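Single-letter residue listing:
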Amino acid sequence: MLDVQAIAHPPLSPHVIRREDYTPPDWQVPEIALDFALDAAATSVRATLNVVRSSAHDRPLVLDGAGQTPLSVKVDGVAVNDWWLKDGGLVIPLRGSAHVIETEVEIAPERNTQLMGLYASGGNLCTQCEAEGFRRITFFPDRPDVLSVYKVHMVADKARYPVLLANGDPIAQGDLPDGRHWADWHDPFPKPSYLFALVAGDLVANRATFTTMSGRDVALGIWVRAADLAKTEHALAALQTSMAWDERVYGREYDLDVFNIVAVDDFNFGAMENKGLNIFNSRYILADADTATDYDFDAIAAVVAHEYFHNWSGNRITCRDWFQLSLKEGFTVFRDQGFSADQGSAAVKRIEDVRGLRAAQFPEDAGPLAHPIRPDEYQEISNFYTATIYNKGAEVIRMIATILGPQRFRAGTDLYFERFDGTAATCEDFVASMEAASGVDLSQFRLWYSQAGTPRVTASVAHDAGSGRATLTLSQRTPPTPGQLDKQPMVLPLKLKLFGAETAQTLAAEQLVLLDQPSEQIVFEGISERPVLSINRGFSAPVVVETDRSAADLAFLSAHDDDPFARYEAMQQLMLDTLVESAANGTADHRAVIAAIAGTLDDAALDPAFVAEVVLLPSDAFIGDQMARVDPEAIFRAREALRRDVGRSLDTRWRAAYDAAQADSFEYSPAAKGLRRLKTVALGYIAASGAADAAGLAFGQFEAADNMTDRQGALATLVSGDSPERIAALDIFYNRYSDNALVLDKWFQAQALSARDDTLEIVAELSRHRDFTLANPNRARALIGAFSVNQRAFNAADGAGYRFVADQLIALDRLNPQTAAKMIPPLGRWRRFDAARAALMRGELERIVATPGLSKDMFEQASKSLA
Ligand code: ARG
Ligand code: ZN
């Protein structure tokens, strides 16, 4: 019998790209000239490609495309019609070894809701090409190992688009009699198509000059709408600081005479390192005290630095293929982390980075979308701009730096930049450079590139008082991940140290242990008192460490460890042990945590910024990650109960910390930031205690604030409560900032993250608010993305949270598949929950997969999440 269903829904057979299938390009394109007649409704793109056959083969020229039909195709100046279209691209048979190919297409930027290729944002035109957006602009071998010199000619209406920018240097410009004008740009550095960019718009620049270490002047410009000009000072200063830092720390000098950054409101992610013309999500450029938090200021500096650093780690040396993405992203994140650490407290920066890794990457590594930092296959490369590629990738580079030490690591990066400058390289090229420069064998270390999953280390110390001998037993195991059931032992650089439990003296100085066996014992002699183990100091390896340390030992380390990260970690572990027990049993003894927090608050020698990090309880999600089954309600109750107890028991201290943190006026300095952070953390505990004056205190902070950090901190405290001040603050905030999209995002996000019981109803209502739109990625993430990481609200037992998010993602997929697909992972956590929730989550994933016209981005994420 005929299976009607099977015919109505033919099984999707995804096209899988495999790393091992890499072959070099058949044709190179040493030069390309692009000619744009720009218009939001209809832009004409004429491309002239000099193509050269790369080897003795007889295959035609295959240019990637996105389903456009060429208006004309010429070979060596002559119109031809023996071409054909295949998979959205253009195939042209060619006889010789070198030809000039000309194509013309017409595209419609204003209808481009995917925000890939050439699109309109806020009345301006801009591009995003990484990873495969260039093919949406013109036919081209859109792969990173085809490097070309670009010449760009742009024509546009002068009144609407007075500014015309592209990569490289401006060459010439002029006016046309019909009210249009033109500009020519030339980028002398050969680059892959994903680094192409142009911008046409009504923009102004904050300008400055940077003089490089060899004495060349570079003209810097940060381009924004005229109304936003005053908010660009911080980004411009960060750019100058980054340029100097890369010279000092890595010996890297900028190479063009111009460096421009443009801020746009509609952007799929953070920012893009196009050669000489970075394009940024405006949230990573615009800042002033009234509208941006300290967190925003820090993120702006980090992203400006990140994109700037790509000029060497990404642009001068690019990736051979997209499987090598972490070559540029992991390394560049490592570089930007080092930059940020040097701008303020390195200890706090490390804590923030590890917290981020644990929030985003560890769950990814433990779930259905786990992949190595150098993946073996993908369906849609946009889905691989992940915490694993970026953040675990950065940890892998950090481990190499730890193993080699600073001098040899710098020798390794120098050699890498020298050897591979101007080429499209691989992760292997990077590791081989490190080996060659240092003499260190990294053979087994390479497993970090191929094995997914977070290694788990167990550590325990046995002490024999009689002989003064302590034996540390270490073992490692990496859990299976999709497609990788058996794992080999990794190289784990573990910094460790022993303290005396009675005297708090150092019994064994810090040492770096390279654990490369399934298990290993290390013997310490002359250990006269019971040792307390401090391990994975500085988070030297991105692993989970399980120890048998008691609450008393953890409390001891939280007070005495001289490694700030290890001190934070001991407190986290103490809190986690307490919270997990409480979530499982409905109750736990809170006294050890309370005493440890009290001790931290009383230690006047500590930096307030560090104190604020240490006294914070782990998130609901991180608590859930420690449990065999996530029980979102029990976790929420356990965490609230501990917060209330810590708030009540230490009320006097929180109020003292709160008062001590008051400042006369806003200042953006590490010290002032630390005080603001501690102030809002203290306010949170005062509110958690149930104190009658808490809402009043928060509202007072909200109204008196001369900066967004204090204002948002107070708002975040109020939105989880039930006070009249909550409504008042939300209204005041909305009215004050209703014309500022970035601040309105905070208003949506604060409500999506609320701990109230009715958060889903509020969020559903906000999704119908006149200021809500799925078309703007920042807004979609502020509401839908934030809600789906609100563990308790999203995982409501009746599945309403899942249904709401799935509905939104299905709608978003029709506009912007890339941004929609990024928000699938919370639904893919179903294995971690009870059977009822798991079935509801699977039901939504199945509904998504069955949606007619689903994008391949969503298909890959949702179908893999079901597997
Ligand atoms: N290379 C950009 C960065 O600096 C991000 C590009 C993201 N592309 C994407 N398709 N998600 O990290
Ligand atoms: Zn990057």
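Just so it is clear, the structure is predicted and the values come from calculations on it, not from any experiment.

**Student:** Explanation requested: the sheet that holds strand 28 (residues 506–515) in the structure shown.
**Tutor:** Two orientations exist for strands paired in a sheet by backbone hydrogen bonds: parallel and antiparallel. Strand order in the open sheet formed by 3 strands is 28-27-30, and the pairing between neighbours is antiparallel. Across the chains shown, the open sheet's two edge strands, defined by having one partner strand only, are strand 28 and strand 30 (531–535). Across the sheet, the mean angle from the axis of one strand to that of its neighbour is 20°, orientation sign disregarded. Pairing geometry for strand 27 (residues 492–500) and strand 28, over 7 bridges, is antiparallel. By the bridge assignment for strand 28, Leu492 is matched with Leu515.

**Student:** Before we go on, may I ask you to explain unusual backbone geometry in this structure?
**Tutor:** Among all residues except glycine, the phi angle is most often negative; among peptide bonds, the trans geometry is most common. Look at the link from Glu130 to Ala131: it is a cis peptide, with omega at 0°. Relative to the assigned elements, Ala131 resides in the loop between strand 11 (124–128) and strand 12 (148–157). You will see that Asp87, though not glycine, has its phi angle at about 50°, which is positive. Residue position: Asp87 is located in the loop between strand 7 (84–86) and strand 8 (89–92). Looking at Asp87, the number of C-beta atoms within 10 Å reads 10, which means it is exposed.

**Student:** Can you help me understand the UniProt feature "domain: Peptidase M1 alanyl aminopeptidase C-terminal" (unreviewed entry) in the protein chain in this one?
**Tutor:** Taken from the UniProt record, the annotation "domain: Peptidase M1 alanyl aminopeptidase C-terminal" (unreviewed entry) applies to residues 552–867. Span residues 552–867 is 71% helix and 0% strand, its end C-alpha atoms 43 Å apart.

**Student:** Help me out: how do you make sense of the UniProt feature "domain: Aminopeptidase N-like N-terminal" (unreviewed entry) in the protein chain in this one?
**Tutor:** Those places that UniProt annotates as "domain: Aminopeptidase N-like N-terminal" (unreviewed entry) correspond, in this numbering, to residues 101–195. Helix and strand shares over residues 101–195 are 0% and 53% respectively, and the end C-alpha atoms of the span are 21 Å apart.

**Student:** What exactly am I supposed to notice about the environment of Arg19 here?
**Tutor:** Positionally, Arg19 belongs in the loop between strand 1 (17–18) and strand 2 (27–37). Remark: the alpha-carbon pair of Arg19 and Leu256, spanning 237 residues in sequence, is separated by 34 Å. Among residues more than four places away in sequence, those in contact with Arg19 are Phe323, Pro375, Asp376 and Glu377.

**Student:** Teacher, can you tell me more about the sheet that holds strand 14 (residues 169–175) here?
**Tutor:** Pairing is mixed in the open sheet, where 8 strands are placed in the order 6-5-9-3-2-12-15-14. The open sheet has two edge strands with one neighbour each: strand 6 (78–79) and strand 14. Pairing of strand 2 with strand 3 (residues 43–53) involves 9 bridges; the strand directions are antiparallel. Pairing of Gln28 across the sheet is with Val52, part of strand 3.

**Student:** Would you take a moment to explain the site of ligand 1 for this structure?
**Tutor:** Surrounding ligand 1, one finds Glu130, Ala131, Phe269, Ala271, Met272, Glu273, His306, Glu307, His310, Glu329, Ser382 and Tyr385. Looking at the shell around ligand 1, the elements with two or more residues in it are strand 20 (271–272) and helix 3 (294–309).

**Student:** Got a minute to help me understand the packing of helix 21 (residues 741–752) against helix 23 (residues 777–788) in this structure?
**Tutor:** Across the interface, helix 21 lies against helix 23 with an axial gap of 8 Å and an inter-helix angle of 10°. Taken as axis vectors, helix 21 and helix 23 run roughly parallel relative to one another. For the pair helix 21 and helix 23, the contacting residues are Asp745, Phe748, Gln749 and Ala752 in the first and Asn778, Arg779, Ala782, Leu783, Ala786 and Phe787 in the second.

Calculation notes
Residues numbered from 1 in each chain as written. Chains lettered and ligands numbered in written order. Predicted model: local features only at pLDDT ≥ 70, side-chain atom pairs only at ≥ 80, totals over all residues. Pairing = 2+ DSSP bridges. Helix = DSSP H or I, 4+ residues; strand = E, 2+ residues; numbered from the N terminus. Axes fitted to C-alpha atoms, helices over the stretch in contact; angles between N-to-C directions. Buried ≥ 20, exposed ≤ 12 C-beta atoms within 10 Å, placed from the backbone. UniProt positions renumbered as here; feature names shortened; annotations may be inferred. Contact = placed C-beta atoms within 7 Å. Near = placed C-beta within 6 Å. Parallel < 35°, antiparallel > 145°, perpendicular 65-115°, else oblique.

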